[in-house]
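Coordinate inspection notes
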Amino acid sequence: MSQQGYVATPPYSQAQLGMGGHPGGFGGPPSQPVYGHYGGPPQPFPIPPGGTQHGILGIHKGPVSAPSAMPQPPASSHYGSSVQQNGSYTQGFPPPPAASSSFGQVPQSPYQNIAPQATPSTHQLTNQISNMQISGYGQGPMPTPQSPSRSAPQQPFHSAPPHLMAQTPTAPGPQSPSMGSPLPLGGPPPMGGMMPAPMGGPAFHQLQGQGTPQGYPQPPAAGPYGGQLAGPQPGFPGSFPGGAAQMAGPPQKKLDPDSIPSTTQVIEDDQAKRGGQIYATNLRGQIPPLVTSNFTVQDQGNASPRFMRCTTYTFPCTSDLAKQCQVPLGTVIKPFATIPKNETPLYVVNHGETGPIRCNRCKAYMCPFMQFIDGGRRFQCAFCSCINEVPVFYFQHLDHMGRRMDLYERPELSLGSYEFIATLDYCKNNKPPNPPAYIFMIDVSYTNIKSGLVKLLCEELKTLLEKLPREEGVESSAVRVGFVTYNKILHFYNVKSALAQPQMMVVSDVAEMFVPLQDGFLVNYQESRAVIHNLLDQIPDMFADTNESETVFAPIIQAGVEAFKAAECSGKLFIFHSSIPTAEAPGKLKNRDDRKLFNTEKEKTLFQPLKGVYEQLCKDCVAQGCCVDLFLFPSQYLDLATMGDVPTHTGGSVYKYSNFQAEVDGTHFLNDLRKDVEKPIGFDAIMRVRTSTGFRATDFFGAIHMNNTTDVEMAAVDCDNALTVEFKHDDTLNEETGAFIQCALLYTTVGGQRRLRVHNLSLNCSSQLSELYKSCETDTLINFFAKSAYRAMLNQPLKNIREILVNQTAHMLACYRKNCASPSAASQLILPDAMKVFPVYMNSLMKTPAMVGSPEISTDERVLQRLCVMAMGVEETQVLLYPCLIPLQNMDVSSSVLPGAVRCSEERLSDNGMFLLENGRLLFLWLGQACPSELIQSLFNVPSFAHLPEELNSLPELDNPQSKKVHAIISAISERRTNRMKLLIVKQKDRPEILFRQHLVEDKGLHGGASYMDFLCYVHREVRQLLT
Amino acid sequence: MATFQEFIQQNEDRDGVRFSWNVWPSSRLEATRMVVPVASLFTPLKERPDLPPIQYEPVLCSRATCRAVLNPLCQVDYRAKLWACNFCYQRNQFPPTYAGISEVNQPAELLPQFSTIEYVVQRGPQMPLNFLYVVDTCMEDEDLQALKESLQMSLSLLPPTALVGLITFGRMVQVHELGCEGISKSYVFRGTKDLNAKQLQEMLGLTKPAGQQAGRGPQTTQVPLSNRFLQPVHKIDMNLTDLLGELQRDPWPVPQGKRPLRSLGVALSIAVGLLECTFPNTGARIMTFIGGPATQGPGMVVGDELKTPIRSWHDIEKDNAKFVKKATKHYEALANRAAANGHIIDIYACALDQTGLLEMKCCTNHTGGYMVMADSFNTSLFKQTFQRVFTKDVQGAFKMAFAGTLEIKVQLEIGTGGTCQWKICGLDPSTTLALYFEVVNQHNAPIPQGGRGAVQYVTQYQHSSGQRRIRVTTIARNWADAQSQIQSIAASFDQEASAILMARLAVYRAESEEGPDVLRWLDRQLIRLCQKFGDYHKDDPNSFRFSETFSLYPQFMFHLRRSPFLQVFNNSPDESSYYRHQFMRQDLTQSLIMIQPILYAYSFNGPPEPVLLDSSSILPDRILLMDTFFQILIYHGETVSQWRKAGYQDMPEYENFRHLLQAPVDDAQEILHSRFPMPRYIDTEHGGSQARFLLSKVNPSQTHNNMYSWGQESGAPILTDDVSLQVFMDHLKKLAVSSAA
């Protein structure tokens, strides 16, 4: 796996055993959770436990005939175990049986039966789709001549099926979890017949297999929504009957989108099951709730999933196993993740002058995994097994359990995450660091002046600087600030508090950059406030009539580095830049954008930064702890690949506002800037990931710089920076002891203190692949794949990368099927429960603008996405790859809850609807053409859709419940995202709608890329190939 | 006919010219046998309050190779309206404006009393004066404060239309933009990277002045009258005053054991470059104020490690001064660029240690700039001197001139440079040049009896009013055949001028040759002169007699040999450079003082009197006042100082003693107030440490060696091995009369 995987995918295994025999997969139960939201809450939940776990899905063609299929089986054992696990969360939910009862139907019996047998956590979805072939990969869904019912899904893009619309709310329900694709398809009665009691039986249910038709929950579900469903259903039965053999025919045409695993459903289920709960990290290898769920972490010895999240919480014992399954072993570390107010901040431990206690051999820091022995006089390192003396001052007796008496008094013995005060040994030159500094570097060339940026920015800085990050509990920020303006020459400002007027110092010798002043350049804002305000007032005027349009770039970064060097501190540069740097200076760039290269072997060169000056700059920056944040305001190509190189290697961010106009984009920019400036952050950081014996960290992805293979250097790390680490075996892991990971980050706080932040995590090890699959974390996996794919873009043609991604996906699934799933028909696509929505993410990843070259999307835009993703955490990649689509037309203005999201597909839109879509970077408000006039009136203060102005740039804040609610929703969404999102209002059928549609990731990509359904078919075919 | 004494004096008063010989030997061979070359000391801008400039332009000889100016020595044919050039004999038509001339209606330039005349050029725009301050900020706050005040004061002394600019430097070099509203701006340059004018122009965003033509003078050069860095005083004097007020000591930290990094070389280069690309061939002064040596970049004279001291003469002789050559080259290049554009570089170096004047001397020497050396900017020496730079004449115009060029018209000529045109750039009324002529007439083509040689000095300069002016001095001397008329040539000897002229030659040589070689050369010249013009019997030293016109000359040479101009012992390279610089530009009187200081004695025995510069003049009951040009020293004899210590001067009954003490002080003040640069004032007494300055100057007629006078009442013995004048003369006579020589 790993990135190498891209280079050469390991040969795929032999794989297929008796799989073939198995009949169909089985549909997951329909998901109730949806109902839960809309309907009575409790009810639905009950089901989920079972239901959600099912990963099933069908691409299905409903009609699977193989009756025999119902498997029970092999999985059963799994099931059992899963139950146990479930136990932990069951609390909130009625036990499965209850659930079933709620549905009222039959289920019970069947359910029960199934239950035992069913595979629990791992569910496979089997599709019987013999017809898989039918839908060739890449093709759209087949037209479905036959059944009317199908019509809905197939609707042509633009016209949403009427009934669906009506159901929208309900729609999710049916589709949701249950991948039981068949379910929806079938009318209640028939379904019943077919469907096993999916719900109950978390295991896979096969449509046909189940003998207990009634048991199927559907009916109840149907009830509520009944009417609508009914319509479509009727036809179904007809088609259904066909056995596998028959499938070839009619069924092919039809795929019910609701039948394939739904991300929204999975999210809702997890939120329902684990949301609002306390997640105590006391168990080894414990799988945390999804990133989308709202939970509270209680640190009991392992780092919070906010800090570290693994692709799987059970590592295979041997490298052979790891190779076999192809599931990457990795962890995504966000060392400075924001901790919600209701969780305890990290404790700071001071071990005095000798510094933190560490293992003598491997230098791991004292942590809960260390074993004290010999009456407490020595401890054994959990990472390298070395036995160390306990320093006298640290000695403590052990209790009868062999634990230190002071276990709970010492954070480093009882918590997963904590900080040490670092001693001078951990400081540069053995001198305590100075507090960091922020330098604002403003491009004052013609473009930025004309767009109003400079004025806007200067005005904003006056208030923004009051909010510089500061140490907890300190009155004012220790961060010093400095100012530079530039075009093709640089202007430094002396803003020493003693001056009546700021002084400008011009440096025009950009070839060899230097900082012209030391005293007075970096100042304490509070002390120099008057002078700084004076300066900020004057800057826009000074350059008001400039006609200089050339800029330099590398020299300004150089200047920043020199300034920090002179001041002996680390810090951050905020660069507000407008255009490609063409002025005669080091790092001069020229336009090398060439869309003809798209989809060619050479496409990668567009993403590669130019070497030379910028490469050296990266090194200089990192060595000095100089982080670069780049705010770009381009009107055309500016070689972002190169310009973004330094920011992304120094832990900085890149923001881009194309064709910036202060009136239109000002708010968005300011929001980003504010968030960026105020962010909690650490500087001049160096990180080391230590592991227990048997495996080690081999690769690192992120906004980082590495001088050697083990030390991760970051000029700065902020609360959004995440780094993905890949592990490889170098020996066999022990199931007993498990695997330990310790991530230690040495950094300088905003107050100028040197600290060590330590995160510890313990994982299970198993020689059973099924354990591994069960512990997979789809969101983390996709983060891993996204980063490794985006990195591979620099070296390989996109085509290869896409192939590798698909192959690896297929490989992972095939391996599961071969080794873990109960036997089923080859025609069934079986997904591990924990990975059941993995394909939709993977498909989405391959459709991202960065991965799909299209003339519609500028190179810079693609590069930007690439750069951003490299630093993303799990949460961000999750929403980026599966945006959140929220229907607004039926929102409950009195409720404080966010309306439930629906699947990202055009089918979910309706002419008379209004939707919010956000992916963490963009926020769309989509207005259907037939949007109720009342809603338009209350939101926009115009009588109807037709009255809306051409250009809609903002959503007015009006004094009515609807407007307030929408604003509340938007701010609630923005609140949890790292970037402030720009609100784009899109009217149905308007040109900008294209942009919006790109984000409907379940649909066929506008610029290429398969629909979700097609992708599943394609993957399934691949799997089958692997298995044969 | 008046005596030569009177003739010489008269000539000097009228024309500012003194010749070594006032009758010239008529052939090259004879001229070389005169030992002392035919040469002149010329003071181009000698103050002539009685000489109003005339408001038209000179009439030039039409021959392209001559271009001499019409003068009283020309033959004029009033009827034909023709004049004959007395240098090339070309006959020239008078211009139409002279149509009305006749014997009784002569233009001023034809009147004999106007052998020196000043024209005002009417063409072309009036050019502004530029003053570019280049200020070191690496100095103690106290010094910097004093300097800032001096600079601020100087703004009020500048004519309102003059343009001023400011460059400051320390570790970096800052060119200040003037007259900006609000934020003060400056362009900053690395102190380690030299820039040529073109780079500088780009970096400062200056556009090349339009119409840059080969022609000289303002007529052809259309220059913007100001730019962001050079602005008229009247517009920005408030702004600049504030700017100067806010100047801070160079803020870069100076680690222990290090010198501050001082980018003098680059600062000067930028100053030169700035003027070069904005005001070529326009009067400009770059006034450089330095508080220490350049320690980085081009032109550095010492590293920043305090443990390595700045080079001494010893190091230089041992070839151990690694920066000297490179730095000198840097400053020479700058000096040449500045000179080519008529710009002046002044250096005001105020530091206790050396500052690199040795390396930088060409900057001042080539551009007619001032070199001032003091211990601190916070001394009256600097403050007064600096103020005196801006002295004005009765018309309120500066006593300084800019962008001067001197051209000599002669029949037979040549100067040391092998040219007859020099750029002097900076001139003031006392600037005196030594010009050495060569008689090119061959021996066998004698000049007819009674022929006269003529020399015309044409000095073009920019007056401080902005006018271009041309001062023309035309003089003539008789030719004489050295064989037949040796007596008259000898009688025309100007020993004072000759001493200075020879001294300047010696100093010039000393710059490039080893000290002892120069002394040997000087001695040989003296001996040859004695042989040529002395009256003696061979091998009989006692018979040696010198005529009155030569009598003082050997004594001048004696003191010259001991002077700091030729002796580097006990002087730092910087001091030597400084002394030599002053010696090369001052007028005859001042130069003589430098060679042979003046000593006055004050006592109860009578009015103050000049006394011999001799140890015998140092008596216990005397107060001595010595003026060496560089120092004004008051020395209280042993007794007098005892009285003074006892406080007699405060007792009413000893008022006369108080007066005695006061008298030399008053006289000293008078000198202090008039001299430029202001001398160092020393008040010392018998046994005082500073008395060494006196003891080192006087002729050591009594030393610990000649015991016969030891313990006698008269004079004070000097502890030295130097020879006394007496011994020197004895040797001289012996050698002069020796037939072996």
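Calculation criteria
- Residues numbered from 1 in each chain as written.
- Chains lettered and ligands numbered in written order.
- Predicted model: local features only at pLDDT ≥ 70, side-chain atom pairs only at ≥ 80, totals over all residues.
- Heavy atoms only, no water.
- Helix = DSSP H or I, 4+ residues; strand = E, 2+ residues; numbered from the N terminus.
- Buried < 20%, exposed > 50% of the residue type's maximum accessible area, 1.4 Å probe, protein only.
- Contact = heavy atoms within 4.5 Å.
- Areas by Shrake-Rupley, 256 points an atom, 1.4 Å probe, with all protein chains shown as cover.
- Pairing = 2+ DSSP bridges.
- Axes fitted to C-alpha atoms, helices over the stretch in contact; angles between N-to-C directions.
- Phe/Tyr/Trp six-rings, centres within 6.5 Å; stacked < 30°, edge-to-face > 60°.
- Buried area = accessible area lost by both parts, 1.4 Å probe.
- Salt bridge = Lys/Arg side-chain N within 4 Å of Asp/Glu carboxyl O.
- Polar contact = N/O pair within 3.5 Å; in protein donor to acceptor, adjacent residues only side chain to side chain.
- pLDDT = per-residue confidence, 0-100.
- Core = buried A, V, L, I, M, F, W, Y, C linked by side-chain atoms within 4.5 Å.
- UniProt positions renumbered as here; feature names shortened; annotations may be inferred.
- Parallel < 35°, antiparallel > 145°, perpendicular 65-115°, else oblique.
- Left-handed = near helix turned anticlockwise from the far one by under 90°.
- Nonpolar A, V, L, I, M, F, W, Y, C, P; charged D, E, K, R; others polar.
- Disulfide = S-S within 2.5 Å.

Before going further, it helps to spend a moment on the overall build of chain B. Secondary structure assignment for chain B yields 20 helices and 27 strands. Out of the 741 residues in chain B, the part that is buried amounts to 57%. Considering only intrachain contacts with a sequence separation of at least 6, the fraction spanning at least 24 residues in chain B is 72%. Of the roughly 31,000 Å² that chain B leaves accessible, carbon and sulfur atoms contribute 51%.

Here the focus is the overall build of chain A. When helices and strands are tallied, chain A shows 37 helices and 29 strands. Relative to its full complement of 1028 residues, chain A shows a buried share of 65%. By sequence separation, contacts in chain A at least 24 residues apart represent 77% of the contacts at least 6 residues apart.

What follows is about the sheet that holds strand E28 (residues 922-927) of chain A. Residue and element names in this part refer to chain A. Across the sheet, which stays open at both edges, the 4 strands sit in the order E26-E27-E28-E29 with mixed pairing between neighbours. The outermost strands of the open sheet, each flanked by one partner alone, are strand E26 (884-887) and strand E29 (982-987). Along the sheet, successive strands turn relative to each other by an average axial angle of 20 degrees, direction set aside. Sheet topology places E28 next to E29; 6 bridges connect them, and they run parallel. Counted as the bridge partner of Leu927 is Lys987 from E29. Against the sheet, helix H34 (residues 933-940) engages strand E27 (914-918), E28 and E29, with an angle of about 50 degrees to E27.

Let us now look at the packing of aromatic side chains. Two aromatic rings are characterised by how far apart their centres lie and by the angle between their planes. Residue and element names in this part refer to chain A. Applying the stated criterion across every chain yields a total of 78 aromatic pairs over all chains. Judged by centre distance (6.4 Å) and plane angle (55 degrees), the ring pair of Phe369 and Phe383 falls under tilted. Linking Phe369 in the loop between strand E6 (348-349) and strand E7 (371-373) with Phe383 in the loop between strand E8 (378-380) and strand E9 (387-389), this pair joins segments that are 14 residues apart in sequence. According to the relative accessible area criterion, Phe369 is buried, its value standing at 10%. A centroid spacing of 6.2 Å and a plane angle of 70 degrees characterise the contact between Tyr841 and Tyr882, whose relative ring orientation is edge-to-face. Here Tyr841 is found in helix H31 (residues 838-847), whereas its partner Tyr882 is found in the loop between helix H33 (874-881) and E26, with 41 residues between them in sequence. Relative accessible area serves as the criterion here: at 2%, Tyr841 is assigned to the buried category.

Here we come to the interface of chain B and chain A. In this complex, chain B contributes 19 residues to the contact, which on the side of chain A involves 26 residues. For the pair chain B and chain A, the summed buried surface comes to about 1,900 Å²; carbon and sulfur atoms form 56% of the total. Connecting chain B to chain A are 3 salt bridges. At the junction of chain B and chain A, the tally comes to 12 residue pairs in polar contact (both at pLDDT 80 or more). Mapped onto the side of chain B that touches chain A, the elements with two or more residues apiece are strand E10 (172-177), strand E11 (184-190) and helix H4 (197-204) of chain B. Here the side of chain B that touches chain A takes 7 residues from E11(B), the largest share from any one element.

On average, residues of chain A score 76 in pLDDT, and 75% of them are at 70 or above. When the criterion is pLDDT under 50, residues 1-253 of chain A qualifies, and its contacts beyond four places in sequence or with other chains add up to 668 contacts.

Let's shift gears to the nonpolar core. All names here are of chain A. Among the nonpolar cores identified, the biggest contains 168 residues, and Phe483, Phe576 and Phe669 are the most heavily contacted of them. Look past the residues within four positions of Phe669 in its chain and what remains in contact with it is Leu453, Leu456, Leu457, Phe576, Phe631, Phe633, Tyr657 and Phe660. Judged by nonpolar contacts, the second largest core, of 166 residues, contains Tyr486, Ala739, Ile782 and Leu831.

In this numbering, the UniProt entry assigns the feature "domain: Sec23/Sec24 helical" (unreviewed entry) to residues 494-592 of chain B. Between the C-alpha atoms that bound residues 494-592 of chain B the distance is 13 Å, and the span itself is 66% helix and 9% strand.

So, on to H33(A). For H33(A), a buried count of 7 out of 8 residues is recorded, marking the element as mostly surrounded by other parts of the structure. Those residues of H33(A) that sit buried are Val874(A), Glu876(A), Thr877(A), Gln878(A), Val879(A), Leu880(A) and Leu881(A).

All names here are of chain A. Buried residues dominate strand E22 (residues 711-718), accounting for 8 of its 8 residues. Of the strand pairs in this sheet, strand E19 (residues 681-691) and E22 are connected by 7 bridges, and their pairing is antiparallel. When the sheet's bridge partners are listed, Phe683 is paired in E22 with Ala716. Relative to E22, strand E21 (residues 705-706) runs antiparallel, the two being bridged by 2 bridges. When the sheet's bridge partners are listed, Met706 is paired in E22 with Val712.

Enumeration over the complete set of coordinates arrives at 78 salt bridges over all chains. One salt bridge in this structure joins Glu615(A) and Lys611(A), with 3.8 Å as the shortest N-O distance. Judged by relative accessible area, Lys611(A) falls into the exposed class, the value being 61%. Of the charged contacts, one joins Asp50(B) and Arg48(B) as a salt bridge, the two residues approaching to 3.3 Å between their closest N and O atoms. Residue classification places Arg48(B) among the buried residues on the basis of a relative accessible area of 12%. Each of Lys572(A), Asp629(A), Asp676(A), Lys679(A), Asp718(A) and Asp720(A) takes part in salt bridges that share partners, so that together they form one network.

Take the environment of Ala703(A) next. Turning to its location among the elements, Ala703(A) is positioned in the loop between strand E20 (695-701) and E21. Excluding anything up to four places from it in sequence, Ala703(A) contacts Thr648(A), His649(A), Thr650(A), Gly651(A), Met714(A), Asn721(A), Met870(A) and Ala871(A).

Glancing now at the sheet that holds E7(A). All names here are of chain A. The sheet built from 3 strands is open, its strands ordered E7-E8-E9 with antiparallel pairing. The open sheet has two edge strands, E7 and E9, and neither has a second partner. Strand-to-strand twist in this sheet, taken as the mean axis angle between neighbours without regard to direction, amounts to 35 degrees.

Our focus in this paragraph is the side chain of Asp627(B). Its location among the elements puts Asp627(B) in strand E25 (residues 623-627). Asp627(B) has contacts with Ile593(B), Pro597(B), Ile598(B), Ile632(B), Ile671(B) and Arg675(B), leaving out every residue within four places of it along the chain.

Mapped onto the present numbering, the UniProt feature "domain: Gelsolin-like" (unreviewed entry) falls at residues 608-694 of chain B. As a span, residues 608-694 of chain B carries 37% helix and 23% strand, and end to end its C-alpha atoms are 18 Å apart.

Glancing now at the packing of helix H9 (residues 357-367) of chain B against helix H15 (residues 573-585) of chain B. Residues and elements named next belong to chain B. Look at H9 against H15: their axes get within 8 Å of each other, and the N-to-C directions meet at 20 degrees. By the angle between their directions, the pair H9 and H15 is classed as roughly parallel. The way H9 lies across H15 gives a crossing that is right-handed. Two secondary-structure elements touch here, H9 through Leu357, Leu358, Lys361, Thr364 and Asn365 and H15 through Pro573, Asp574, Ser577, Tyr578 and His581. Grouping the constituent residues of the contact of H9 with H15 by class yields 4 nonpolar, 4 polar and 2 charged.

Before going further, it helps to examine the pairing of E26(A). Residues and elements named next belong to chain A. Residues Cys884 and Ile886 point to one face of E26 and Leu885 and Pro887 to the other, with burial holding for every one of them. Sheet topology places E26 next to E27; 4 bridges connect them, and they run antiparallel. Across the sheet, residue Cys884 finds its bridge partner in E27, namely Glu918.

On to the state of the cysteines. Residues and elements named next belong to chain A. Per the stated rule, a full pass over the model turns up 0 disulfides over all chains. In this structure Cys627 is not part of a disulfide, and its nearest cysteine sulfur, from Cys626, lies 7.4 Å away. What makes Cys627 buried here is its relative accessible area of 0%. Free of any disulfide, Cys765 has its nearest cysteine sulfur in Cys317, 5.4 Å distant. Residue classification places Cys765 among the buried residues on the basis of a relative accessible area of 5%.

This paragraph deals with the packing of helix H14 (residues 553-562) of chain B against helix H20 (residues 725-737) of chain B. Residues and elements named next belong to chain B. Running from N to C, H14 and H20 point in directions that differ by 120 degrees, and their axes come no closer than 11 Å. As the angle between them shows, H14 and H20 are arranged oblique. Every pair of crossing elements has a handedness; the one defined by H14 and H20 is right-handed. Across the interface between the two elements, Pro554, Gln555, Phe558 and Arg561 from H14 touch Leu725, Phe728, Met729 and Leu732 from H20. Here the contact of H14 with H20 is built from residues that sort into 6 nonpolar, 1 polar and 1 charged.

Within the secondary structure layout, Val440(B) lies in the loop between strand E18 (433-436) and strand E19 (452-462). Separated by 429 residues in sequence, Val440(B) and Asn11(B) place their C-alpha atoms 25 Å apart.

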